[in-house]
2 protein chains.
Amino acid sequence: MQKSLSIGDLSRATGVKPTTIRWYEAEGLLPEPGRTAGGHRAYAASHLQRLGFIRHARELGFAMPAVRALLDLAAEPEQDCGKAHAAAMSQIEAIDAKMRQLTALRAELSRVAEACQGGRVAECRIIETLADHTHGHCLGSGHGVIC
Amino acid sequence: MQKSLSIGDLSRATGVKPTTIRWYEAEGLLPEPGRTAGGHRAYAASHLQRLGFIRHARELGFAMPAVRALLDLAAEPEQDCGKAHAAAMSQIEAIDAKMRQLTALRAELSRVAEACQGGRVAECRIIETLADHTHGHCLGSGHGVIC
DNA sequence: GCTTGCACCTCCAGTCGCTAGAGGTCCCAT
DNA sequence: ATGGGACCTCTAGCGACTGGAGGTGCAAGC
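Residues numbered from 1 in each chain as written. Chains lettered and ligands numbered in written order. Predicted model: local features only at pLDDT ≥ 70, side-chain atom pairs only at ≥ 80, totals over all residues. Heavy atoms only, no water.

## Here we look at the overall build of chain A
Heads up, the condition is: Each helix is a run of DSSP H or I of at least 4 residues and each strand a run of E of at least 2, with the numbering of both proceeding from the N terminus. Between buried and exposed lies partly exposed: a residue is buried under 20% and exposed over 50% of the maximum accessible area for its type, with that area taken using a 1.4 Å probe on protein chains only. Contacts are assigned to residue pairs that have any heavy atoms within 4.5 Å of one another. What sets the accessible areas is the Shrake-Rupley method with a 1.4 Å probe; for residues, cover comes only from the shown protein chains.
Within chain A, the secondary structure is distributed over six helices and two strands. When the helices and strands of chain A are read in sequence order from the N terminus, they spell out α-α-β-β-α-α-α-α. Relative to its 147 residues, chain A shows a buried fraction of 37%. Taking contacts inside chain A between residues at least 6 apart in sequence as the whole, the part at least 24 apart equals 40%. Looking at chain A as shown, the accessible area adds up to about 8300 Å², and 55% of this sits on carbon and sulfur atoms.

Set out below in structure tokens:
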């Protein structure tokens, strides 16, 4: 009989918190493990590996649906890996878009911050800029703002 | 009597959706406007200005508590604007941190993606890299991962 | 004056990826 | 046998909105 791993063992081995591991299970990312007589989860090495896979993918910024797709892909070694490459490229594209946005933001912010000479709020360019309603507004809203 | 603005007018003028405007009101960012006889919100110019301020601040990446702080600050023109400057600087610092993280992520991703030659999944470096549990893991989890 | 149809109303639930807490049980080392 | 940490389930909460259901108001055209 193989020695089984507790949820704490998995947590220490991967750096993923126990609560998160349970959540992955509830979401169907991680198969339900066996249980001890008392009801504690008893994992096999395969769980550890799969959890590591999930964690790496998450660290690389893949969203949950993408992680699922990659997991499915990894389960079929004879398939073409074009999809994995496409997922990676689209992730890179998303990062580039985010970086462009942040760069623009940073420039605007530092421009505004430099203009503040530390006087009274009445003369502060930061407050003034924010209050200036002649600014054009961006397309979209929330996370996907395009300026 | 001044002509009043509907929520739709505010929305068109600022690019903030009506639902979001109502939400800002519920959160106390925007004061409750008057109402028409039929119960529709009737805004004054001051609401438009305040909403514009909120939107600009949000566009610059300020979180809601920071937006609240800036609004409070803007209401007291005699105060020192050092706080506004500090808020802007800390926002810039946050953006820089995010950019560093994204840069590292992008490098890792493109390294991994380049190694994929488009063969079968079995030989795909993308899948392989993700499955490789010898990778060290990062500190923290969720949004604040540090590698 | 009446109809039409869009804009508006409230309330509730969902998004994403976890995280935290309450209240209870199990397991292992001493 | 016992103590205390690790584990269990269940529920609610985070930020910053978004969307839908089901119903009402308002203004323009006839």
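The structure having been displayed, the exposition proceeds.
## Side note on the relation of the copies chain A and chain B
Put simply, the rule reads: A least-squares superposition brings the copies together, and it is based on the C-alpha atoms of residues with pLDDT no lower than 70 in both.
For the match of chain A to chain B, the screw axis carries a shift of 0.0 Å, the RMSD comes to 0.2 Å, and the turn is 180 degrees. Interpreted geometrically, this transformation is the action of a two-fold axis. In terms of C-alpha distance to the rotation axis, chain A has Met 99 of chain A as its closest residue, with the C-alpha 3.2 Å off the axis.

## What about the side chain of Arg 55 of chain B?
Short version of the rule: Under the rule applied, a polar contact is a pair of N or O atoms within 3.5 Å (in protein, one hydrogen donor and one hydrogen acceptor; residues adjacent in sequence only if both atoms are side-chain atoms).
Mapped onto the elements, Arg 55 of chain B comes out in helix α3 (residues 45–59). A polar contact of 2.5 Å, which involves the side chain of Arg 55 of chain B, links it to the side chain of Glu 59 of chain B.

## Side note on the interface of chain A and chain B
It is common to give the size of an interface as the accessible area lost on bringing the parts into contact. For clarity, the cut-off: Between Lys or Arg on one side and Asp or Glu on the other, a salt bridge is scored when a side-chain nitrogen of the former is within 4 Å of a carboxyl oxygen of the latter.
Each side of the interface is counted separately: chain A has 61 residues, and chain B has 61 residues. At the boundary of chain A and chain B, one finds two salt bridges. With its nearest N and O atoms 2.6 Å apart, the salt bridge here joins Arg 106 of chain A to Asp 96 of chain B. Breaking the side of chain A that touches chain B down by element, the ones donating at least two residues are α1 (7–14), α3 (45–59), α4 (64–74), α5 (82–115) and α6 (125–131) of chain A. No other element matches α5 of chain A, which puts 18 residues into the side of chain A that touches chain B.

## Regarding the state of the cysteines
Selection criterion: Throughout, a disulfide means two cysteine sulfur atoms within 2.5 Å of one another.
One pass over the full model with this rule turns up zero disulfides over all chains. In this structure Cys 124 of chain A is a free cysteine whose sulfur lies 3.5 Å from that of Cys 81 of chain B, the closest cysteine sulfur available.

## Examining the environment of His 56 of chain B
Residue and element names in this part refer to chain B. Within the secondary structure, His 56 sits in helix α3. His 56 gets classed as buried once you look at its relative accessible area, which sits at 3%. For His 56 and Thr 14, which are 42 residues apart along the polypeptide, the C-alpha to C-alpha distance reads 9.6 Å.

## Considerations on the packing of helix α1 (residues 7–14) of chain B against α3 of chain B
How two helices pack is summed up by the angle between their axes together with the distance between the axes. Residue and element names in this part refer to chain B. Inclusion rule: Axis definition: a line fitted to C-alpha atoms, over the contacting stretch in the case of helices. Angles run 0 to 180 degrees between N-to-C directions. Comment on the angle field: the value is read as roughly parallel under 35 degrees, roughly antiparallel over 145, roughly perpendicular from 65 to 115, and oblique elsewhere. Two helices that cross are described as forming a left-handed crossing if the nearer one is turned anticlockwise from the farther one by less than a right angle, and a right-handed crossing if clockwise. Residues are grouped as follows: nonpolar covers Ala, Val, Leu, Ile, Met, Phe, Trp, Tyr, Cys and Pro; charged covers Asp, Glu, Lys and Arg; every other residue, Gly included, is treated as polar.
Viewed as axis vectors pointing N to C, α1 and α3 meet at an angle of 40 degrees, and their least axial separation amounts to 10 Å. As summarised for this structure, α1 and α3 are arranged oblique, according to the angle between their axes. Considering only the axes of α1 and α3, their crossing is right-handed. Contacts between α1 and α3 pair Leu 10, Ala 13 and Thr 14 from the former with His 47, Leu 48, Leu 51, Gly 52 and Arg 55 from the latter. When its residues are assigned to classes, the contact of α1 with α3 shows four nonpolar, three polar and one charged.

## Details of the packing of aromatic side chains
All names here are of chain A. Worth spelling out the cut-off: When the centres of two rings from Phe, Tyr and Trp lie within 6.5 Å, Trp using its six-membered ring, the rings pair. Their planes under 30 degrees apart give stacked, over 60 give edge-to-face, and anything left gives tilted.
Under the criterion given, the structure shown has two aromatic pairs over all chains. The interplanar angle of 50 degrees and the centroid separation of 5.6 Å between the aromatic rings of Trp 23 and Tyr 24 together place this pair among those described as tilted. When its relative accessible area of 41% is taken as the criterion, Trp 23 is described as partly exposed. Residue Tyr 24 is classed as buried on the basis of its relative accessible area, which comes to 7%.

As far as function goes, none of this settles anything; it's purely spatial.
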